[in-house]
Each structure stands twice: as C-alpha cells, then as structure tokens.
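# Report on the structure
Chain residues, written in single-letter form:
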Amino acid sequence: MAENNEMAMDMEAKNQQFDEDLEEILSRLDASNYFGAREIMLKYNEVDIAEILEEVLDELGVEKVIIIFRMLPKNVSVEVFSYLPGDDQVEIINGITDREISFILDELDFDDKIDVLEELPANIVDKILDQTPKEERKLINTFLNYPEDCAGSLMTPDYISLQETMTVEEALHHIKTQGMDSETVYTCYVKHGGRELKGIVSLSALVTADSDTLVSELMHTDYVYLNVYDDQEEVAEAFKKYGFLAIPVVDNENRLVGIVTVDDIMEIIEEETTEDIERMGGVMSDDQDSEYLDIGVFKHAKNRLPWLLFMTVMLMITGTLIAQFEEVLSQVIVLVAYLPLLMGTGGNTGTQAATLIIRGLSVDEIDLKDVMKVVWKELRISIILGLVLSAFNFLKIIIIDQQSVLVGLTVALSMVIVIIFAKLIGGLLPMAAKKIGVDPALMATPMISSLTDMVSSCIYLFTASLILGIAL
C-alpha cells in the first residue's frame, strides 16, 4: 500500500515537472530562444516530445514547430514525427523541403510511412513516389490501393519469413541479418516455396532447438490469420480475443502479404470505441481521427442534427398520443405530475439494458443465438426492479403526496409494466440491429429514450383509464 502511494506521488511529481517544463518551452519559443527550448525538450523521450510539439502547434503555430523540429537530432525527429497525429504530420510536411520529407519517409517504418502518405495531398505523394525505387514504389502503391478500413491498410511487410526446409541454424542466421528491419522477431512466418503461408514458429522454439532441426518440425500449422480485406473491426476483435503481438495477413490464395502488429491495432480499437460512444450519444460522426476542438462548429452541428430531428419527430408522436387521453388528464389532473417520472424511469432502465447488451455484443460475451437468454434474464431483472421502484413510489404517493390509493396504484402498476417493456426493448433492439447489419451502438440512449417515452405515456394513461374507471 505504501509502495503504491509512493509510486503515485512520484508519478504526480513527474507530471507536474512536465507541465512546468512545457510552460518554459512555450515561453522560450515565444521569445525565439530555440536552443534553450531544444535543451529542455531533449530531456524527454520521443513520445513526450511529440506531445510537447502538439502543444506548441496549438499555442504558437506551425512555424515555431517546424523551426524546433528541424533542430532536433535526425534520429529523434523521425521517431517524434511517427508519434504525431495525422493532421500535425501533414502541417509539418507542408512546411519542410522535399529533401526533408524524403529523409523522414525513408526512416519511418513501412506501416507508418503508408499512414503518412494516405494523409498527404496527391501532388506531394506523386513527387515522393517519383524519387522512390521501383520495387518499393510498387509495394507502396499496392498498400495504398487497399480499402481504408481493412487489414491490408493496417499491415506492414516488415516481418521475418522462413522456409520450411531451413534448419534452425539457417533460420537463426536469417533472423540475425533481417531482424533489425522487422516489426517483430518473436514470431516468424514459415512459407512453402514462394509466398504460401504454411505455419508459424516462435523465436523461443528456435533458440532452444538443436541446430540441425528443420523449421517444419517446429512450426505450428493451426495458426490464426487475417485476410487482407477483413474489416478493421474484425482485426481488432481478433487481437482482443487471442492477445497476440502480431497476426499474419494473407490474400485469397493464402499467400503471406504482411502482418498487423498490436501497436497499430491499438489506434483502431480507440477509433472504434470513440465511434461507439458517439453513436450511443446520438452523434453521427465520421471524424474519429479529429479531436473535438479541431472540428468546426457547423460540422459538429451536422453530426448531431440527424438524431435530434429523429427524436423531435418521436416526441411529436408522443405528444399526439398524450392528447388522445385528454379526458383522463382533465378529470384526474394529478396524473400529469407523475408522467415525467414514468417516462424518465423507462428511459433510464432501457438505456441501462442497452448499454450492457451493446458492450456484450462488442466483446463477444453475447451472441445473436443468446436472444432468449437475454430476454429471460432482462425479464427477471425488470420484475425485481419494477416491484422495488413501484413500491417505493406507491408509499411516497400515499404518505408524502397524500394522493388516493387508486392514483398510487395506477403509478405503481404502470411503473412495473414500463420497466419490463423498457428492459426488454433495451436488450432486444441492439441484437436486432446486429442481426440486420446495423451498428448496435445506434440503438442506445436516443433511440431507447424516444421509444420508451412514447410507450410509457401510453401505458400510464391507458392504465389510469382502466383503474380509475374513466372511459376513453
């Protein structure tokens, strides 16, 4: 416990020191003291320097960033560049010379290079490719032509490949000569003849085996792989399911064309999570790569407007339905006071169920075949919650509000029915969405709340009509 507290205090001190140094760097750059700013920056690693440059860009503009970026050691500047967001990379690229661009791209890992090229204007990409060796240019064009959201656009060709006829001694020699240019050496990919993937073999298996043992004797043929056209969401699910550091990518003829590594997929998982959160909040955004403050006001409004219009229409329908029970409300006016209670409770309980089901579907805890299990579980949960909440409200209405037993009974019974309906609809709508190929995240707060508001008001007023003996 004391050790954890000490670590937390140490981390807090480091964060505080970083903030102080950042302020000093900004101050020195603002005063054009570039060498002084550089001296402080070089105390930090490449990830932290990239964060500092982001702040400099926001506070002082791209001109200051380019000046200090050029003053960094070349090996450091390349690493820093790879950690910058895509928009910042493009701003730097647009401000430096073609020679500097070529140097950065030559030093970047291949997958990072592809990511940068995808963000650059076509005229700059053409200029870069003109200066690129023919074989590499052909490879780059192949990668750039893959759809943006598939495994092919995420993979890298920098991996260790072995032939199944190699001995362990030959394999280890090959790893020593090729390993520095590879994304990972912990797993090697075994080919048959040309490029057909036959299996995988770990580095640990190679270094512990006899030197004359054949690679084919050590490799595993029951490997997990991806197709170049697998959607990035499927790629992310594979990494979450198996916990691998890298997964091979093959074409339709089972030829190995690259590997996807865990560091690249972490960005995709973050994008997918952001997309789900936005959709659950009713924001139809295609700007997951952009930060909140970087998106324009009109773009924000455009992203939010569709769901707001939909909910407005749903609320109009709800208002029309409530108007049909005007006679009920006019004779027992106190019923109006409890209408928001029923509608709010229905929306909240439905959203709870939807959130858990959407999460379960996204991490494969729940499958479409589990629909009846979901119905049975949510039904039992809703009955328990309904009885507890309705009893609480019944007592409150009778004792505190001093209303009649019939009014209390109307609200209590309506609440049980509303909660059961809301829980079931919150559990089933996301599964129905996935069944028809729609993102289940769309069936979250906005949709559930709108539906439960409409149905809750109908259930409540219809129940009041029956219990209070008032004709429609």
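Just so it is clear, the model here is predicted, and its values are computed rather than measured. (Residues numbered from 1 in each chain as written. Predicted model: local features only at pLDDT ≥ 70, side-chain atom pairs only at ≥ 80, totals over all residues. Heavy atoms only, no water.)

## Quick notes on a negative patch on the surface
A cluster of acidic residues, Asp19, Glu20, Glu23, Glu51, Asp58 and Glu59, forms a negative patch at the surface. Contributing elements (two or more residues each) for the negative patch: helix 1 (2-30) and helix 3 (46-60). By the secondary structure assignment, Glu23 is in helix 1. Since its relative accessible area comes to 52%, Glu23 is described here as exposed. (Patch = residues over 30% accessible without salt bridge, like charges linked within 9 Å, V, L, I, M, F, W, Y side chains within 5 Å. Areas by Shrake-Rupley, 256 points an atom, 1.4 Å probe, with all protein chains shown as cover. Salt bridge = Lys/Arg side-chain N within 4 Å of Asp/Glu carboxyl O. Lys, Arg positive; Asp, Glu negative; His and termini not counted. Charge placed at Lys NZ, Arg CZ, Asp CG, Glu CD. Helix = DSSP H or I, 4+ residues; strand = E, 2+ residues; numbered from the N terminus. Buried < 20%, exposed > 50% of the residue type's maximum accessible area, 1.4 Å probe, protein only.)

## A short note on the nonpolar core
Ranked by size, the top nonpolar core spans 59 residues in total, and within it Leu53, Phe81 and Val260 carry the most contacts. Ignoring any residue separated from it by four or fewer positions in sequence, one finds Leu53 in contact with Met41, Val65, Ile68, Phe69, Val80 and Leu84. Within the second largest apolar cluster, 17 residues are counted, among which are Met343, Ile397, Val418 and Ile419. (Core = buried A, V, L, I, M, F, W, Y, C linked by side-chain atoms within 4.5 Å. Contact = heavy atoms within 4.5 Å.)

## Comments concerning the sheet that holds strand 3 (residues 196-202)
Read across the open sheet, the three strands follow the order 1-2-3; overall the sheet is mixed. The open sheet is flanked by strand 1 (161-163) and strand 3, the only strands paired with a single partner. Along the sheet, successive strands turn relative to each other by an average axial angle of 35 degrees, direction set aside. Relative to strand 3, strand 2 (residues 187-192) runs antiparallel, the two being bridged by six bridges. Bridged to Tyr189 within strand 3 is Ile200. (Pairing = 2+ DSSP bridges. Axes fitted to C-alpha atoms, helices over the stretch in contact; angles between N-to-C directions.)

## As for the pattern of salt bridges
Once their charged atoms are close, side chains differing in charge can pair, the charge on each being opposite to the other. Taken as a whole and assessed by the stated rule, the structure comprises seven salt bridges. Note that Lys369 is salt-bridged to Asp367, the shortest N-O span being 3.8 Å. Where Lys396 meets Asp401, a salt bridge forms, and the shortest distance between an N and an O atom there is 3.0 Å. On the basis of relative accessible area, Lys396 is assigned to the partly exposed category, the value being 32%. Here Asp401 falls in the partly exposed class, since its relative accessible area comes to 23%. Salt bridges here are not isolated pairs; linked through shared partners, they connect Asp251, Glu253 and Arg255.

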